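Structure assessment
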Amino acid sequence: MSALSSFEGFMERVVEGSVQRLFRSPVQPAEIARRLERAMESQQAISVDSVIVPSYYRAFLNPEDFKVFDPIQDELERQMANYLRDLAQERGFTMLAHPVVDVAPDPAVARRGIQVVAEMSGAPASAGPQAPDRTQVIPTGGNTGNQPARPPVLAQLVLQTPEGPHTFPLDTNLITVGRGLNNDLIMEDPRVSRQHAQLRFKSRRYFIGDTGSTNGTYVNGTAITTEQPLRDGDLVSFGGLEMTFQQR
């Protein structure tokens, strides 16, 4: 049984119970689960041989929407945590701990709205929904403000792991790479420097440049000293952590 099927089975049992009013809520449990899934997918970090996703999640609802969930809040949070655990296993992701989900009210959230904050480790985020769905690896859809425009091509980096390939889409004009948490693509590998490299989109191509890393950046086995273009199929090494560049 898939993670989604298991969660849907739980919700069917809820309907048969004494809290059928839940399904008159403008916010459905499946919607919350999908937002948690999106936070898990978008906030990834690369380890030596795995892809790590957050273990701690908070879903913020408007207080009026939250009231409907009071009768089953504890069980709903447990089931959502199990859903994320099973989903991570299905997709070959690693969690640093059993996931924890906290559903909480916040008046800053509009009616029918859902805001999610996710963290890799530590106690669940105490901040409110002002920082929803933060992306630590590669920015995904929905970012606004001063975020660079999306390049009009499809490109990605592919990491081979024991669980199979993991794909990281490149969808902004400038992507920084390194161990530091301020990077767009975070690599938790001791061979990778805190500020290791950057990929820049220009002239309808991605260019890669080293930013003073200790162990160097290589393309097809050759160390790069200046910014150079990437071609479909190039093997990129960040200090020894290899990924394949693909562009269509």
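Everything quoted here is computed from the prediction, not taken from an experiment. Per chain, the residues get numbers from 1 upward, laid out in the order the sequence is written. In keeping with the model being predicted, local features are shown solely for residues with a pLDDT of at least 70 and side-chain atom pairs are shown and tallied solely at 80 or more, while totals for entire chains, interfaces and linings include all residues. Each side-chain value is worked out from all heavy atoms of the structure, with water and hydrogens disregarded.

**Quick look at the sheet that holds strand β11 (residues 197-202)**
By definition, two strands form a pair when at least two bridges between them are found by DSSP. Only DSSP runs of H or I covering at least 4 residues are called helices, and only runs of E covering at least 2 are called strands; the numbering of each starts at the N terminus. Reading across the sheet, the eight strands line up as β4-β2-β1-β10-β9-β11-β12-β15 and stay open at both edges, with mixed pairing between neighbours. Two strands close off the open sheet at either side, each with one partner strand: β4 (94-95) and β15 (228-229). Across four bridges, strand β9 (residues 174-178) lies against β11 in antiparallel orientation. Residue pairing for β11: Ile-175 is matched across the bridge by Leu-199.

**A closer look at the pattern of salt bridges**
Every case where a carboxyl oxygen of Asp or Glu lies within 4 Å of a side-chain nitrogen of Lys or Arg is listed as a salt bridge. Taken as a whole and judged by the stated rule, the model has 11 salt bridges. Between Lys-67 and Glu-64 there is a salt bridge whose closest N-O contact spans 3.1 Å. Here Lys-67 and its partner Glu-64 are both found in helix α3 (residues 63-67), three residues apart, which amounts to about one turn of the helix. Its relative accessible area of 40% is what places Glu-64 among the partly exposed residues. Here Arg-191 ties to Asp-189 by a salt bridge, and the two come within 2.8 Å at their closest N and O atoms. The buried label goes to any residue with under 20% of its type's maximum accessible area, the exposed label to any with over 50%, and the partly exposed label to all in between, with areas taken from a 1.4 Å probe on protein chains only. You can call Arg-191 partly exposed: its relative accessible area is 33%. Bridged by salt links that share partners, the residues Arg-34, Glu-37, Glu-41 and Arg-91 form one connected network.

**Looking at the packing of aromatic side chains**
Working definition: a ring pair exists when centres of Phe, Tyr or Trp rings (six-membered ring for Trp) sit within 6.5 Å. Plane angles under 30 degrees give stacked, over 60 give edge-to-face, the rest tilted. If you walk through the whole model with that rule in mind, you get two aromatic pairs. What links up through ring pairs into an aromatic cluster is the set Phe-201, Tyr-206 and Phe-245. Any Lys NZ or Arg CZ that is within 6 Å of a ring centre and within 35 degrees of that ring's normal is treated as a charge sitting over the ring. One Lys or Arg, Lys-202, reaches over the ring of Phe-207 and ends 4.9 Å from the middle of that ring.

**A closer look at the nonpolar core**
Grouping buried Ala, Val, Leu, Ile, Met, Phe, Trp, Tyr and Cys residues that are joined through side-chain atoms within 4.5 Å yields what is termed a nonpolar core. Ile-32, Leu-36, Met-40, Tyr-57, Met-187 and Phe-238 are the most contacted members of the largest nonpolar core, which has 53 residues in total. A per-element tally of this core places helix α4 (residues 73-90) first, with seven residues. Discounting residues that sit within four places of it in the chain, Tyr-57 has contacts with Leu-36, Ala-39, Met-40, Leu-84, Met-95, Val-100, Val-101, Asp-102, Val-117 and Ala-118. Pairs of residues are marked as contacts when any of their non-hydrogen atoms sit within 4.5 Å.

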